[in-house]
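Listed below, chain by chain, are the residues.
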Amino acid sequence: MNSLIQNYINGNLTDAKRQAKRYSLAAIATALESAGFKPYSAATCAMYLKGKASFQAACDAEARKE
């Protein structure tokens, strides 16, 4: 899971999406929150990694102030 998070943060999106297939949406969101993402951002980024949201939505979520 740490590798998945690091790949996402470092921009290795293809690798991160491939690794995300092994984990549930909730597990990825929880791991992203543990890595310092805000809850809405973590959920949206996890959805992107699972193919349920666009990259633009993930970027917008990260830029959003909660």
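Up top you'll find the structure we're talking about.
Parameters and conventions
- Residues numbered from 1 in each chain as written.
- Predicted model: local features only at pLDDT ≥ 70, side-chain atom pairs only at ≥ 80, totals over all residues.
- Heavy atoms only, no water.
- Buried < 20%, exposed > 50% of the residue type's maximum accessible area, 1.4 Å probe, protein only.
- Helix = DSSP H or I, 4+ residues; strand = E, 2+ residues; numbered from the N terminus.
- Arc of directions from axis to C-beta.
- Contact = heavy atoms within 4.5 Å.
- Core = buried A, V, L, I, M, F, W, Y, C linked by side-chain atoms within 4.5 Å.
- Axes fitted to C-alpha atoms, helices over the stretch in contact; angles between N-to-C directions.
- Parallel < 35°, antiparallel > 145°, perpendicular 65-115°, else oblique.
- Left-handed = near helix turned anticlockwise from the far one by under 90°.
- Nonpolar A, V, L, I, M, F, W, Y, C, P; charged D, E, K, R; others polar.
- Salt bridge = Lys/Arg side-chain N within 4 Å of Asp/Glu carboxyl O.

Participant: Explain helix 3 (residues 25-34) here, please?
Facilitator: Side chains that are three or four residues apart share a direction in an α-helix, a result of its 3.6 residues per turn. Every buried residue belonging to helix 3 is among Ile28, Ala29, Ala31 and Leu32, and all of these are buried. With its buried residues spanning 165° around the axis, helix 3 presents them on a single face. In helix 3, the exposed positions angled more than 90 degrees off the buried face are occupied by Ala26 and Ser34. Looking at the buried side of helix 3, the elements it contacts are helix 1 (2-9), helix 2 (13-20) and helix 4 (39-49). A positive backbone phi angle near 110° is found at Gly36, which sits one or two residues after helix 3.

Participant: Even after reading the chapter, I still don't get the nonpolar core, so can you show me in this structure?
Facilitator: Most often, soluble globular proteins have nonpolar side chains that are buried together. Counting residues in hydrophobic clusters, the biggest one holds 16 residues, and the most contacted among them are Leu4, Tyr8, Ile28, Leu32, Phe37, Cys45 and Leu49. Of all the elements, helix 4 adds the most residues to this core, at five residues. Excluding residues within four positions of it along the chain, Leu4 makes contact with Ala16, Gln19, Ala20, Tyr23, Ile28 and Leu49.

Participant: What exactly am I supposed to notice about the packing of helix 1 against helix 2 here?
Facilitator: Each pair of packed helices can be described by the angle between their axes along with the distance between the axes. At a minimum axis separation of 8 Å, helix 1 and helix 2 run at an interaxial angle of 150°. Classified by the angle between their axes, helix 1 and helix 2 sit roughly antiparallel to one another. Like other packed secondary-structure pairs, helix 1 and helix 2 cross with a definite hand, here left-handed. Residues Ser3, Leu4, Asn7 and Tyr8 of helix 1 form the contact with helix 2, whose own contacting residues are Leu13, Asp15, Ala16, Gln19 and Ala20. Its residues assigned to classes, the contact of helix 1 with helix 2 comprises five nonpolar, three polar and one charged.

Participant: Please clarify how the pattern of salt bridges should be interpreted in this entry.
Facilitator: Summed over the entire model, instances satisfying the criterion amount to one salt bridge. With a closest N to O distance of 3.2 Å, Arg18 and Asp15 form a salt bridge. Linking Arg18 with Asp15, this pair stays in helix 2, spanning three residues, or about one helical turn.

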